[in-house]
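Fold and geometry: a report
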Amino acid sequence: MVCLGNICRSPLAEGILQSKLDSNKFTVSSCGTSSYHIGNKPDSRSIEIAKKYDIDITHQRAAQFNKSDFTTYDYIYAMDNSNHKNIVKLSNKAQEKSKVKLILNELYPDQNLDVPDPYYGGEQGFEDVYQMLDKACNTIASKLKKRS
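Because the structure is a prediction, the values reported are computed rather than measured.

**With respect to the packing of aromatic side chains**
Geometrically, a pair of aromatic rings is defined through the distance of the ring centres and the angle of the planes. The full count for this structure, using the stated rule, is four aromatic pairs. Relative to Phe70, the ring of Phe65 lies with its centre 5.3 Å away and its plane at 80°, an arrangement referred to as edge-to-face. Taking relative accessible area as the criterion, Phe65 reaches 7% and is therefore assigned buried. In this structure, Arg45 packs its charged tip against the face of Tyr119, placed 5.3 Å from the ring centre.

As structure tokens, then:
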């Protein structure tokens, strides 16, 4: 799960998807394309909205996406088109690029919609993002379970 700073959207996506999967069979992680917040906890508003739905993301720490993630992970979900573009730029291999997907395309195939960044919005923005990610993660979890 990848967004810009790894403090709002991608930590939520990580926590949501992990809550839907068996941690003995699947590894879910998140990071950002920027280095702004490396080592920081998720935004307090992301922590609170996750907690509202019984998901604890307080253990997460922001990290930056790097080329080795193409090898480590089978799927790389970008939260928006800008981050998708930045991730794809890091690879020269078609196989690696094919791993990178926009998360909302799981709900709305080929529409290339962005998960809005709730950072500058209020609490409702975080609720809206949570709901979008929860629906997308339901679809992802269902697909992953069928493949395992």
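Picking up after the structure, the text goes on.
**Description of the side chain of Arg9**
Counting through the fold element by element, Arg9 comes out in helix H1 (residues 9-20). Given the relative accessible area of 3%, Arg9 is considered buried. Side chain to side chain, Arg9 and Asp80 meet in a polar contact 2.8 Å long. Beyond its immediate stretch of four places on either side in the chain, Arg9 contacts Cys3, Leu4, Met79, Asp80, Asn83, Val115, Pro116, Asp117, Pro118, Val129 and Leu133.

**As for the nonpolar core**
Soluble globular proteins tend to bury their nonpolar side chains together. In terms of nonpolar packing, the biggest core is built from 31 residues, with Met1, Leu12, Leu17, Met79, Ile103 and Leu133 touching the most fellow members. Contributions of two or more residues to this core are made by H1, helix H2 (44-52) and helix H6 (123-147). Ranked by the residues each element gives to this core, the list is headed by H6, at nine residues. With near-sequence residues (within four places) excluded, Leu17 lies in contact with Met1, Val28, Cys137, Ile140 and Ala141. In terms of nonpolar packing, the next biggest core, distinct from the first, is built from nine residues, Val2, Cys31, Phe65 and Ala78 among them.

**Quick notes on the packing of H2 against H6**
Their axes nearest at 10 Å, the elements H2 and H6 cross at an angle of 55°. Relative to H6, the element H2 lies oblique. Our pair here, H2 against H6, has a crossing hand that is right-handed. Of H6, the residues touching H2 (which contributes Arg45, Ser46, Ile49 and Lys52) are Phe126, Glu127 and Tyr130. Partitioned by chemical class, the residues of the contact of H2 with H6 number three nonpolar, one polar and three charged.

Here is what the cut-offs are and how they apply
- Residues numbered from 1 in each chain as written.
- Predicted model: local features only at pLDDT ≥ 70, side-chain atom pairs only at ≥ 80, totals over all residues.
- Heavy atoms only, no water.
- Phe/Tyr/Trp six-rings, centres within 6.5 Å; stacked < 30°, edge-to-face > 60°.
- Buried < 20%, exposed > 50% of the residue type's maximum accessible area, 1.4 Å probe, protein only.
- Lys NZ or Arg CZ within 6 Å of the ring centre and 35° of its normal.
- Helix = DSSP H or I, 4+ residues; strand = E, 2+ residues; numbered from the N terminus.
- Polar contact = N/O pair within 3.5 Å; in protein donor to acceptor, adjacent residues only side chain to side chain.
- Contact = heavy atoms within 4.5 Å.
- Core = buried A, V, L, I, M, F, W, Y, C linked by side-chain atoms within 4.5 Å.
- Axes fitted to C-alpha atoms, helices over the stretch in contact; angles between N-to-C directions.
- Parallel < 35°, antiparallel > 145°, perpendicular 65-115°, else oblique.
- Left-handed = near helix turned anticlockwise from the far one by under 90°.
- Nonpolar A, V, L, I, M, F, W, Y, C, P; charged D, E, K, R; others polar.

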